[in-house]
Amino acid sequence: MVSTLSKSLHRIPSSLLVMTSMVCSASYATSAVAMTLQQQRDIYDQAQELLDARDVAKYQTIRNQIKDYPLTPYVDYRAFLVDIGERSPAEVEQFIESHKAFPFSRRISAPYLSQLASQEQWARLLEFQQHEPAGETYQCHYYNALYQQGKHDAAFKGAEKLWLSGSSVSGACDPLFNAWSEAGLRTDAQVMERMLLAFEARNGALMNYLQKLLKSDQAKQQATDMKALFTKPESVLEFARQHDASEFYQQQTILGLKKLARKDVKQAQAVFDSAVKAQKLTKEQSQSIADYLAIRLINTDSAELAQWRDGAIAGSANSSLLERRTRLAIQEMDWQGVMDWIARMPPELQNSLRWQYWLGRSEVATGEKQKGHQRLEKLVGQRNFYSVAAAKEIKRSIDYPVSTVTLNKALIKPFNSSLVRIEELIERDKIAAAKSEWYWLLARANEEQKEMLAAYASYKRWHHLTVTASIKAKMWDNLKLRFPIAHRWWFNFYGEKHSIDPITLMSLARQESAMDIEAKSPVGARGIMQIMPSTAKYTARKYELSYDSSNDLYEVGKNIEIGSHYLKGLLEQYDNNRIFAFAAYNAGPHRVKTWRERTQGKLDAYAFIEAIPFNETRGYVQNILMFETYYRDLLNVDGAFLNQNEVDTRY
């Protein structure tokens, strides 16, 4: 596969690639007098094969030949991990210290602790790990080691803390939990406390397991009642009335009301007041539940429930809920309501560009045109979606600040070794490792160095690394670094093929992946345009495109081919309206259909975007529209923020 980072280099013929690499990497070319760079790479690959077979001894016989090769520390690391359990704590600490410039230095402790635990080397484990480590499994090892070394009080405090989880705990904690239980320190009260956490985490299986651990008849009955409420939240009012008011039963009543709200919000609202009264919930507890119900009633068709919802929100300090209610007022074109709900927000939120824009729009809509225009005027000239929207409202040109930076290599000289390694990793198509090195490097750089690293990455045409560095350096006004003009040939080719503005494709890719061709989202979307494998398969079949597997999505041309076809289909579906198409690309066409049914063609483009209930999708649409503006400026291409069709559409 071809990476975002290496694509431009891979266009160079291979005969020139080695020469270019040798010239660019002169800082490690001393060994090339006796051995070419390609020979070093070949020996490095042999070393990797030897370590695949765990043959450290044979690796050591060839290591001297690549001692100056930038990536040799990576095989040293692998060699060190072989039989790491036999190393002394001092050896491991020394290795970590001597390799602290490498991202793998932070990963050595975990396998070492695991090996020591598996070998029951408890004293050695505590000699190395003298305080609680990060990560549940390693915390289990640590506290178990304390127990095995006779430090029972500290071990059991750790056991109690680890026990109190609404999810399953690592099996590494089982010996510790067993010792804690056998010492008679695990009480029914602690089991019940964990059952409450499992209830909150919606983990019925864990509740069943915990119920079996109880000893007293009273606790068993309490657990039976809790499980019955979990299974049938409709019984929450009966539950609240049958049990004396206490913190224990108040928590269950709150959880029961919330679970009922997820199942039947109307029924939850109907029993809300009585359940609150029965368990004598505090004002804060009551408002928390009311907030929970209100957000689920945001689109209710019932006038009675809407009145209750608005009363609940009026008493809330929940900023997200107040914003959601304000968006509902925008959706309903209730301009007085927009002003009233904004007035209930905390001052810092009221004064944000977003809500100042909508306050200005509301003032204009309710007859205070001069006041509204004056408010909107103050928003113009900033690098923000709402500043652009304000400019369009009062018919002003779009303007925003732009900054530049000049590369000064002297400022990043301390990182030369790391930069040489990153370049070699990119040349070898080891992009994940290159990104890891880059993030590790940025974490050690000061603000000025981060800016220079962003400029250096741009100079090397490492597109994704340029974006990540510019974000870390907070170079918000430096459009050239934040929006690299990457893969232009592919965007032009498929843009022309599908009659889509190439800048639209580029902007969408910048939003989706920050130009990272190897990006993979938590839900499985892949590549520069973040395409789901199921979407790729559907699109390839529909348009008769060649497509073998999801691995194809990591190839930049294939990814843009499939992504552009899919976007073209959405644009055709929505009469070339980018707002609908972008929203559908992110959230799916079925959600766009739902949102359009709610707005019923009453809104303009800006109001529809604001009415999108998903924060991610709303920001997604706004960002791409802004990114198109930035790319047009960078490329000196004319174009409207919204096309006439999008302006004229009623949403």
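The shown structure was predicted, so the numbers you read here are calculated from the model rather than taken from an experiment. (Residues numbered from 1 in each chain as written. Predicted model: local features only at pLDDT ≥ 70, side-chain atom pairs only at ≥ 80, totals over all residues. Heavy atoms only, no water.)

Chemist: I'd like a description of the overall build of the chain, backed by residues and values.
Modeler: Across its full length, the chain holds 39 helices and zero strands. Its C-alpha atoms give the chain principal-axis dimensions of about 85 × 75 × 50 Å. Per-residue burial for the chain yields a buried fraction of 53% across its 651 residues. Partitioning the intrachain contacts of the chain with sequence separation of at least 6 by distance along the chain shows that 60% fall at a separation of at least 24. Of the roughly 30300 Å² that the chain leaves accessible, carbon and sulfur atoms contribute 48%. Looking at charge distribution, the chain has the averaged site of its 82 positive side-chain charges lying 2 Å from that of its 76 negative ones. (Helix = DSSP H or I, 4+ residues; strand = E, 2+ residues; numbered from the N terminus. Buried < 20%, exposed > 50% of the residue type's maximum accessible area, 1.4 Å probe, protein only. Contact = heavy atoms within 4.5 Å. Areas by Shrake-Rupley, 256 points an atom, 1.4 Å probe, with all protein chains shown as cover. Lys, Arg positive; Asp, Glu negative; His and termini not counted. Charge placed at Lys NZ, Arg CZ, Asp CG, Glu CD.)

Chemist: Explain the pattern of salt bridges residue by residue, including any values.
Modeler: Enumeration over the complete set of coordinates arrives at 29 salt bridges. A salt bridge links glutamate 423 to lysine 460; the shortest N-O distance between them is 3.4 Å. With glutamate 423 in helix H26 (residues 416–427) and lysine 460 in the loop between helix H28 (447–459) and helix H29 (463–472), this residue pair connects regions lying 37 residues apart in the sequence. Each member of the pair, glutamate 423 together with lysine 460, is buried. When salt bridges that share partners are traced, they join Glu363, Glu368, Lys371 and Arg375 into one network. (Salt bridge = Lys/Arg side-chain N within 4 Å of Asp/Glu carboxyl O.)

Chemist: Residues and numbers for the nonpolar core, please.
Modeler: Counting 203 residues, the largest nonpolar core has Tyr357, Trp358, Trp438, Leu453, Ile528, Met529 and Tyr585 as the members making the most contacts within it. The element best represented in this core is helix H38 (residues 615–635), accounting for nine residues. Composition of this core by domain shows at least three residues from each of domain 1 (410–482) and domain 2 (488–648). (Core = buried A, V, L, I, M, F, W, Y, C linked by side-chain atoms within 4.5 Å. Domains from an automatic or database assignment.)

Chemist: How would you summarise the layout of surface pockets if you had to cite specific residues and measurements?
Modeler: In this structure, the largest pocket occupies an estimated 490 Å³ of space. Around the largest pocket, the lining comprises 21 residues; the ones closest to its centre are Glu512, Ala525, Gln530, Tyr585 and Asn586. Within the residue set of the lining of the largest pocket, elements represented by two or more residues are helix H32 (502–513), helix H35 (578–587), helix H36 (589–599) and H38. A per-element tally of the lining of the largest pocket places H35 first, with four residues. When its residues are assigned to classes, the lining of the largest pocket shows eleven nonpolar, seven polar and three charged. (1 Å grid on protein atoms, 1.4 Å probe; cavity = no way out; pocket = protein on both sides within 12 Å on 5 of 7 lines; lining within 4 Å. Points joined across faces, edges and corners; volume = space filled by probe spheres on them. Nonpolar A, V, L, I, M, F, W, Y, C, P; charged D, E, K, R; others polar.)

Chemist: Give me the side chain of threonine 300: which residues, what numbers.
Modeler: Along the chain, threonine 300 falls in the loop between helix H18 (283–296) and helix H19 (303–314). Here serine 302 takes part through its backbone nitrogen, which lies 3.1 Å from a polar atom of the side chain of threonine 300. (Polar contact = N/O pair within 3.5 Å; in protein donor to acceptor, adjacent residues only side chain to side chain.)

Chemist: So what's going on with the environment of alanine 343? Which residues, and what values?
Modeler: Within the secondary structure layout, alanine 343 lies in helix H21 (residues 335–343). Classification of alanine 343 by relative accessible area gives exposed; the value is 52%.

Chemist: Give me the packing of aromatic side chains: which residues, what numbers.
Modeler: Taken as a whole, this structure holds 41 aromatic pairs when the rule is applied. For the pair phenylalanine 239 and tyrosine 249, a centre-to-centre distance of 5.9 Å together with 65 degrees between the ring planes defines the contact as edge-to-face. A residue pair is termed long-range when its members are at least 10 positions apart, and phenylalanine 239 in helix H15 (residues 236–242) and tyrosine 249 in helix H16 (residues 247–263) qualify at ten residues. Taken individually, phenylalanine 239 and tyrosine 249 each receive the classification buried, so the pair is uniform in this respect. (Phe/Tyr/Trp six-rings, centres within 6.5 Å; stacked < 30°, edge-to-face > 60°.)

Chemist: Give a detailed account of the UniProt feature "domain: Transglycosylase SLT" (unreviewed entry) in the chain, specifying residues and quantitative values.
Modeler: UniProt records the feature "domain: Transglycosylase SLT" (unreviewed entry) at residues 492–604, using the numbering of this structure. Along residues 492–604, the helical share is 61% and the strand share 0%, with 31 Å between the first and last C-alpha atoms. (UniProt positions renumbered as here; feature names shortened; annotations may be inferred.)

Chemist: Could you give an account of the side chain of aspartate 76, with specific residues and numbers?
Modeler: Inspection of the secondary structure puts aspartate 76 in helix H5 (residues 72–81). If near-sequence neighbours (up to four positions away) are discounted, aspartate 76 is found in contact with Tyr59, Arg63 and Phe95.

Chemist: I'd like to hear about the environment of serine 168, residue by residue, with values.
Modeler: Mapped onto the elements of the fold, serine 168 is located in the loop between helix H10 (152–163) and helix H11 (174–182). Judged by relative accessible area, serine 168 falls into the exposed class, the value being 59%. With sequence-adjacent residues up to four places away left out, serine 168 is seen in contact with Glu136, Arg194, Asn203 and Leu206.

Chemist: Can you explain the domain arrangement of the chain? Please cite residues and give values.
Modeler: We note that the domain assignment places domain 1 (410–482) and domain 2 (488–648) within the chain. Here the C-alpha centroids of domain 1 and domain 2 sit 27 Å apart. Taken together, the contact pairs nine residues of domain 1 with eight residues of domain 2. The largest share of the area that domain 1 buries against domain 2 comes from His464, Leu479 and Arg482, three residues that together contribute 54% of it. At the surface where domain 1 touches domain 2, the tally comes to one salt bridge. When the shortest N-O distance is used, the salt bridge between lysine 435 and aspartate 516 registers 2.7 Å. Here domain 1 and domain 2 share three residue pairs in polar contact (both at pLDDT 80 or more) between them. For the side of domain 1 that touches domain 2, the secondary structure elements donating two or more residues are helix H27 (431–444), H29 and helix H30 (479–482). (Buried area = accessible area lost by both parts, 1.4 Å probe.)

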